[in-house]
Amino acid sequence: MTTAFSLEGITKRFGEVTALDNVSLTLNEGEVLGLIGQNGSGKSTIMKVMAGLHRPDTGIIRVGGKVVQLRSPLEAAQAGIGLVHQEQSLITSLTVAENLFLDKPATSTRLGVYRWAKLRDRAKHQLEKVELDIDPFTSVSELSFGQRQMVELAKVLSLEELVHGHLVILFDEPTAVLNPPEIQSLFSQIRRIKHRSSVVFVSHRMDEILDISDRVYVMSDGRNVADRDKENVNVDELYELMVGKQRVNREDRKPRNAQIGAEPALTLKNVTVPGEIEGISLTLAPGEILGLIGVQGSGAETILRTVFGLSDRWSGEIDYFGMPLNVDSPPQAVDKGIGYLPAERKTEGMIRNTTVSENVAITYGWQHGHGAGLISRARERGLIHNWVTKLGIKTPSIGQRIDTLSGGNQQKVVLSKWLFGKTLKVLMLDHPTRGLDPGARSDLFGVIRELADQGLAILLVGDTLDEVLTLSDAIIVMKDGRVSARIEGVQATPPSEEELVKAMV
Amino acid sequence: MSNLIKSQGPLLALTGLVVIFSVFSESFASMANFAAVLEAAAIPAIVAIGLTYVLMQASIDLSVEGVASLANIILSITVANSVTTTDIGLWAIPLVLCAGLLVGATSAAVSIYVRMPSLIVTLGMWLTTVGMAALLFPDRLPQLLETRITQLAIDKQFGLSWIVYLTLALILVALWVEKYTRFGRMSRAIGENEPVLIMSGIKVNRHKIAAFALAGGCYALAGILLGARIGVGNTQSGVGLLFPAIAACVLGGTLLSGGQGGIRQSMIGVLILVSLRNGLIQIGVDPLLQSALEGAVIIIAVAGSTWHLRRKVRVIK
Amino acid sequence: MTKDTILMFLRRNGALVVLAIILTAVSTAAPGILRWRAINSLLQDNAPLLIMIVGATLPILLGCLDLSIAAMASLAAVMAAMLSPALGSASAYVVVAGAAMIGGLQGWMIGRLQVPSFVISLGALGIFKGIGMYLTAADMVGIAPGISVYETLGSRSFGISNAFILVLIVAWLFTLMLKLSNLGRNIYAFGANEIAVYISGVRRDMVRAFAFAASSGCAALGGVMMISQTMFASATVANSLLLPALVGVVVGGTAISGGVGGVLSSLIGGLIAILIRVGVTISGLPPESQDVAFGITILIAVALTTDRAKIGLVK
C-alpha cells in the first residue's frame, strides 16, 4: 500500500493549551480512516491542520511523499486535500453549480461575465460523481441537509480535474445534521469514492466509525492513543483509551459529604426545545451538584440556557421551589435567584474593555448601594477585594481591565459576579473550566464544592469526565438531545469512566 | 400558499394597493395617472438600483442626497447655463458620472482600509458632498440652457419622458449584471457569508468597492436627471432621495442585513412606495404627511421582514 | 512614545487638544471672539445644539444611534408654540415630557422589534417631520407672548445665558447619573458588551429605553430653547442641527462603537463643533461649506475612536 498523506510530529499550541502534542498520522491510498475522540481530544484541530485552516507549530506534512506547507484552504485544495464541512461552507443564495466552483479558478466566466451553459455542463459532470440528480441551477437554499452534504462532497471531488494524483477528503462530523437514510447514502458514496481517494472520517459516534472505517485512529488529550486496523479493534479497549488522562485518581479524591436538601430547588418535566433537546426531566436540590455530560451537540448546554430564559421556543414544565418558574429572559431568572456562567466567556461572560470591579458588580452591585438606584463604589470595593482574595484571582488591582487577565482569572471574575449578591439560590455552570490550566481548574473545583456546601443548588455541564466525576453528586449523560443514562450517588459509588463514555458515544 | 406569500409578498402587496386605490379613487386607474406614477418612480428607481448592490452586500450607503446634489451642481455649471461661462457640452455627463463613481469608491475604500462601518463613512460623505455642492454653487441659481439635457424631461414619447425610458433601460442592464456577472452574483453572496467567500479566495474588497462606486454613479445619474427635470442647478436638489430609496429596497425584500433581495425586488418596492404616495393623495390624504407615512413604512417594513430573525441572544445596535 | 500610547493619548485628551488648536486659530483670525460678550452670545445661540449633544451622548454610549433628534427638536418647538396660548408655561414641560416618552418608546421598540436603532430613528425622523409639516401647514407658528418659562430661557442670570446654565445643569445631572447610579453602570457595560450584560441579568430594553428617552427629551428641550430665542417655530427649524450634534458627540471622544466617553467630553466636542461653524463664517466661505468640515471631522474622529477589535467584519 502506498502512503497518500502523512503528518509527522505535529504540535499545535493555543496560548497555554497544547491542542496537539507530537501527533503523527499516515493515510494510505484508497482507505477510510475513522478518527474518534472526546471533546477537546484534538480531533478537530488535527482536521484543521490537514485542511490548511491551522498552521502547526512544529512538524511535517507530506502529500504523496513530498513535504508541503498548507497555509490556507486554497493551498490545501491545490495539494488535493478537501474538507467536507457540516454545512456552513455553502452559500445558500447561490446555485449548486456556482457553489461547486466557488473556490476554483474561474473558467466559466469571461471578463467577469458568466457563461451559464458551460457552467451547467461542468456542474452536471460533478454532480454525477455523487449520483445527485438535481438541476445544477437549483438554489442551495432549496436543498435538504443530506443533499447539501452531497454538494459539499461534489465540491471537494471536483478537485480531481485540477490536481494530479490522489485526493484526500476530510469529513468533519458529517453525520451530525443527517437522518439515518441520509447517513446510509453518505456511507455508500464514501465507499464508492474510495478507489480514487483517501478519506478521513471524524465522528463522535462509535458505531458509525466501526461501520465505515478501514482503520480506527483514537485521539485523547491531544495525542494519538491507538491506531488499529478494523480487524483488530477491541471496542472496550477503545473506550478505555478515549478516557485518557481524564481518569480520576481515586486515591486523591475527597468524597464530599453533601447536605442535600429534601425539597427540590429545580424540577424539569418533559422539557423540549425543537431540534436541540427532547423530553428532559430532572430534579436538583439545594446543596446538590448535578453534573450533565455529553458530546458536543448533545443538548446539555441547552438545558441550562432554557432554565435561564434564553431559549426562543420551548415546551414542558419547569418548577422552582415548588412553584412554576415563569421566566422568559435572564433578568427575570436573576430576580428569582438563578445564575448562569456561560461557556462562551469572551462573548457572553465577561464585559470586555471594562474593569474587574465593574464585571464583578454588574449584577448585584446595587444590593450593596445606597438605595434608590445609587451604587456605593466604596462599599463594593471592600467586598470585591474579599472575593478576589477568596477565589485567588491574580490581578494587579480591581481596577484592571479584565481583558489583560489570564483565562482562568477571567473565569473566576465572571463567576464572582454571581457570588457577589445575597439572593442566589441556583447556579448553573456551562463548561466552567474550558480553556483553563490545571491549577486554575482545581482552584475552581474547590470553589464549586464550597458553594454547594453552603446550600447552593448547582447544575454543571462538564467539559471532561473527571470534572463531573470529581464534583457531582449525581450525573446525567446526554446523547442526541435525550437523557441516555442517569447515575445517582456518584460520590459514594462512582461509576467507571468507560460506562460514561459508552453512554455518550 | 404561505410560501407564495413569503416569496411574492411584495408583488401581492403592490397588486392589492393598486386594486384598493382603483376602487376608492376614480382618477387612480387612468392612463394619465399611471404615467404620472412611472415618472415619479423613475429617479427613485435609479437610486434604488445603486443602493441595492450595496445592501445585498450587507453594507449601507447614506450619501445619496449629497452625491445627487453635487452631481446636479457640477452638471449645471459645466454645461451651457445662465451663470457661468463654462460649456463643455455633453461631456459634462461622463464628468459627473465619474465624480459619482469616485465618491462611491472613496467611501468603500475608507470603510474597508480604515476599518470603519459604512454607515458612518457614508454619513460623513453625505455631509462632505452636500458641503462641496454648496462650495461649487455660483452666486445665482444657474438655469440649464443645454436643451439636449432638458429635453430628456420635456420631450415625451407615448406619454412618457425619456427619463422613464432611460430608467427602464438601466433596470434591464442592472438585472443582467445581477444574473450574468461575477460581481452581481457575488454581491448577494458577500452579504450572506463573507468569511466563506474570503476563504474561497474571492476578492471581496474589489466587489465592495465596485458596488459603492456603481451606487455613486447611479446617484450622480439621478442628479443629472433631476437637473433635466427642474431645469436649474440647486444645492438642495438631492434632498428627499434617501428615505424613499431605503424604504423601497426594504419593502421589496432587499434587507438591510444583506444576502437577500435584488433589483427586481427593489423595483417592486419602488412601485409600492410611489403608488402608495400617489394613491393616498388621490384619496385625499394631506401630502404634507408624506414623510411621516414613509417613516412609518420603513419601520414596519424592516420590522416585518426581519421578524423571523428575532433571537434573544442577538446584538441590535 | 509608541504608536499605541500616542493613539491612547489622543483618545483620552484629543478633544481638548483639538479645542485648544481651533480656539487659537479662530481667535487669531478674529480676536473679538474672545470677549466675554461674544462668548456669552455664542453660548446662548448654541445652547440648543449643546443640550442636544448632551442627550445624544447616551444612545451612542450604548453603541446605538438616534437620528431623530433634530426632527424631534423641530416638532417640539412647533408643539410648544402651538400649545403655549392654552397651557402657558406648562406647554414647555408637557412637550419635554411627551418627547421623553416617545423617545423611550423608540428605545424600547429597538429591542422588542429587533430593528437597528438607525432604522427606527430614521423612520421616527420622517414621522416627526411629517407631523410637524402637517400641524404647521409648512408655515411658521409664533409663540404666545409673555410666558415666563420662555422669557426666562431667553434671558440671563448673573450675565450668563439661562439656557446655557440649564445645559450645564442637565450635563452635570447626567454625569452624576452615569457615575453614581446602577443605571449609569449598566449603560457603560451595555456599550461594552450587550450580550454579556443581558446574561448578567440587566434589563437591556429598559436601559435602551432610558437612553433614548434622555436623547429625545434633551432634543425637545433644545427645541424649546430655540423658540424662546426666536419666538417662532417651523417644522424644519432645527433640522440642520442633527449632524453638528453627532459631530460634537464623536469629536468629544464618545466612541460610536459604544462603552467609552461621557457627557462632559461631548460638551467639549460640542464647543469644537461650534467653533468650526464660527471659523467657517469668519473665513468668508459660504455657510453650507461647514458641512464639508463636519463631514471630514466626523470621519477622522470616528477613525480615531472606534474600537476595531469589536467590529469583526466591517460592514
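Cut-off values and rules
Residues numbered from 1 in each chain as written. Chains lettered and ligands numbered in written order. Predicted model: local features only at pLDDT ≥ 70, side-chain atom pairs only at ≥ 80, totals over all residues. Heavy atoms only, no water. 1 Å grid on protein atoms, 1.4 Å probe; cavity = no way out; pocket = protein on both sides within 12 Å on 5 of 7 lines; lining within 4 Å. Points joined across faces, edges and corners; volume = space filled by probe spheres on them. Helix = DSSP H or I, 4+ residues; strand = E, 2+ residues; numbered from the N terminus. Nonpolar A, V, L, I, M, F, W, Y, C, P; charged D, E, K, R; others polar. Buried < 20%, exposed > 50% of the residue type's maximum accessible area, 1.4 Å probe, protein only. Polar contact = N/O pair within 3.5 Å; in protein donor to acceptor, adjacent residues only side chain to side chain. Contact = heavy atoms within 4.5 Å. Patch = residues over 30% accessible without salt bridge, like charges linked within 9 Å, V, L, I, M, F, W, Y side chains within 5 Å. Areas by Shrake-Rupley, 256 points an atom, 1.4 Å probe, with all protein chains shown as cover. Salt bridge = Lys/Arg side-chain N within 4 Å of Asp/Glu carboxyl O. Pairing = 2+ DSSP bridges. Axes fitted to C-alpha atoms, helices over the stretch in contact; angles between N-to-C directions. Buried area = accessible area lost by both parts, 1.4 Å probe. Parallel < 35°, antiparallel > 145°, perpendicular 65-115°, else oblique. Left-handed = near helix turned anticlockwise from the far one by under 90°.

Considerations on empty space enclosed by the protein
No. 1: The full count for this structure, using the stated rule, is 7 cavities of 30 Å³ or more.
No. 2: Volume-wise, the largest cavity comes out at about 310 Å³.
No. 3: Considering the residues around the largest cavity, the lining is formed by 20 residues, among which Pro73, Leu83, His85, Asp103 and Lys155 of chain A are closest to the centre.
No. 4: Top contributing element to the lining of the largest cavity by residue count: helix α2 (residues 73-78) of chain A, with 4 residues.
No. 5: Residue composition of the lining of the largest cavity, by class: 12 nonpolar, 4 polar and 4 charged.
No. 6: The volume enclosed by the second largest cavity comes to roughly 130 Å³.
No. 7: Lining the second largest cavity we find 15 residues, and of these Phe101, Thr109, Tyr114 and Leu119 of chain A together with Arg182 of chain B sit closest to its centre.
No. 8: Only α3 (96-100) and α4 (116-129) of chain A together with α8 (182-192) of chain B provide two or more residues apiece to the lining of the second largest cavity.

Notes on the side chain of Ser215 of chain C
Residue and element names in this part refer to chain C.
No. 1: Structurally, the position occupied by Ser215 is in helix α10 (residues 204-230).
No. 2: Take Ser215: its relative accessible area is 0%, and that puts it in the buried class.
No. 3: Among the polar contacts made by the side chain of Ser215, one reaches the side chain of Asp66 at a distance of 2.5 Å.
No. 4: Those residues within four positions of Ser215 in sequence are excluded, and the remaining contacts are Gly55, Ala56, Pro59, Asp66 and Ile69.

What to know about a nonpolar patch on the surface
No. 1: A surface patch of nonpolar side chains, about 560 Å² in accessible area, is lined by Leu374 of chain A together with Ile169, Trp172, Leu173, Leu176 and Leu180 of chain C.
No. 2: Assignment of secondary structure puts Leu173 of chain C in helix α7 (residues 162-180).

What to know about the sheet that holds strand β2 (residues 17-28) of chain A
Sheets are built from strands paired through backbone hydrogen bonds, the pairs being either parallel or antiparallel.
Residue and element names in this part refer to chain A.
No. 1: If you walk across this open sheet you meet the 4 strands as β2-β1-β4-β5, and the pairing is antiparallel. Each edge of the open sheet carries a strand with a single partner, namely β2 and β5 (66-68). Between one strand axis and the next, the sheet turns by 25 degrees as a mean value, whatever way the strands run.
No. 2: Strand direction decides the pairing type here: strand β4 (residues 58-63) and β5, joined by 3 bridges, are antiparallel. Looking at β5, one finds that Ile61 is bridged to Val68.

Some words on the interface of chain A and chain B
No. 1: Between chain A and chain B, the residue contacts involve 27 residues of the former and 22 residues of the latter.
No. 2: Between chain A and chain B, a total of about 2000 Å² is buried, with carbon and sulfur atoms accounting for 58% of that surface.
No. 3: Applying the counting criterion to the chain A and chain B interface returns 2 salt bridges.
No. 4: For Lys312 of chain B, the salt bridge goes to Asp328 of chain A, with nearest N and O atoms at 3.0 Å.
No. 5: The interface formed by chain A and chain B holds 10 residue pairs in polar contact (both at pLDDT 80 or more) in total.

Overview of the interface of chain B and chain C
In many reports, interface size means the accessible area that the parts give up when they come together.
No. 1: On the chain C side, the residues contacting the 49 residues of chain B number 58 residues.
No. 2: Buried surface at the junction of chain B and chain C, summed over both partners, amounts to about 4600 Å²; 73% is from carbon and sulfur atoms.
No. 3: In terms of surface lost to chain C, no three residues of chain B exceed Arg115, Leu127 and Lys317 of chain B, which account for 17% of the buried area on that side.
No. 4: Our enumeration of links across chain B and chain C arrives at 0 salt bridges.
No. 5: There are 6 residue pairs in polar contact (both at pLDDT 80 or more) connecting chain B and chain C.
No. 6: Elements supplying a minimum of two residues to the side of chain B that touches chain C: α5 (118-136), α9 (194-199), α11 (242-252) and α13 (290-305) of chain B.
No. 7: In terms of residues, the side of chain B that touches chain C owes the most to one element, α5 of chain B, which gives 13 residues.
No. 8: Among the residues making up the side of chain B that touches chain C, the classes are represented as 31 nonpolar, 9 polar and 9 charged.

Focus on the pairing of strand β3 (residues 32-36) of chain A
Residues and elements named next belong to chain A.
No. 1: Of all 5 residues in β3, 5 are buried, a share of seventy percent or more.
No. 2: Going residue by residue along β3, you find Val32, Gly34 and Ile36 tucked away on one face and Leu33 and Leu35 tucked away on the opposite face as well.
No. 3: In terms of strand pairing, β3 meets strand β10 (residues 197-202) through 4 bridges, oriented parallel. Its bridge partner being in β10, Leu33 is matched across the sheet by Val200.
No. 4: Relative to strand β11 (residues 215-220), β3 is paired through 4 bridges, and the arrangement is parallel. Within β11, the residue paired with Leu35 across the bridge is Tyr217.

Considering the packing of helix α2 (residues 31-56) of chain B against helix α7 (residues 162-180) of chain B
Residues and elements named next belong to chain B.
No. 1: At a closest axis distance of 9 Å, the pairing of α2 and α7 adopts a crossing angle of 20 degrees. Here α7 runs roughly parallel to α2, going by the angle between their axes. When you trace α2 past α7, the crossing you get is left-handed. Along its contact with α2, which presents Leu38, Glu39, Ala42, Ile43, Ala45, Ile46, Ile49, Tyr53 and Met56, the element α7 presents Ile163, Val164, Thr167, Leu170, Ile171, Ala174, Val177 and Glu178.

Quick word on the packing of helix α2 (residues 36-61) of chain C against helix α11 (residues 242-251) of chain C
All names here are of chain C.
No. 1: The N-to-C vectors of α2 and α11 enclose an angle of 60 degrees; their axes lie 8 Å apart at closest approach. Between α2 and α11, the angle falls in the class oblique. Between α2 and α11 lies a crossing of right-handed hand. In contact with Leu49, Met52, Ile53, Ala56, Thr57 and Ile60 of α2, α11 contributes Pro244, Ala245, Leu246, Gly248 and Val249.
No. 2: When grouped by side-chain class, the residues that make up the contact of α2 with α11 number 9 nonpolar, 2 polar and no charged.

Focus on the environment of Trp176 of chain B
No. 1: Within the element layout of this structure, Trp176 of chain B appears in helix α7.
No. 2: Residue classification places Trp176 of chain B among the partly exposed residues on the basis of a relative accessible area of 41%.
No. 3: Between the C-alpha atoms of Trp176 of chain B and Gln260 of chain B, which are 84 residues apart in sequence, the distance is 17 Å.
No. 4: With sequence-adjacent residues up to four places away left out, Trp176 of chain B is seen in contact with Val113 of chain A together with Thr181 of chain B.

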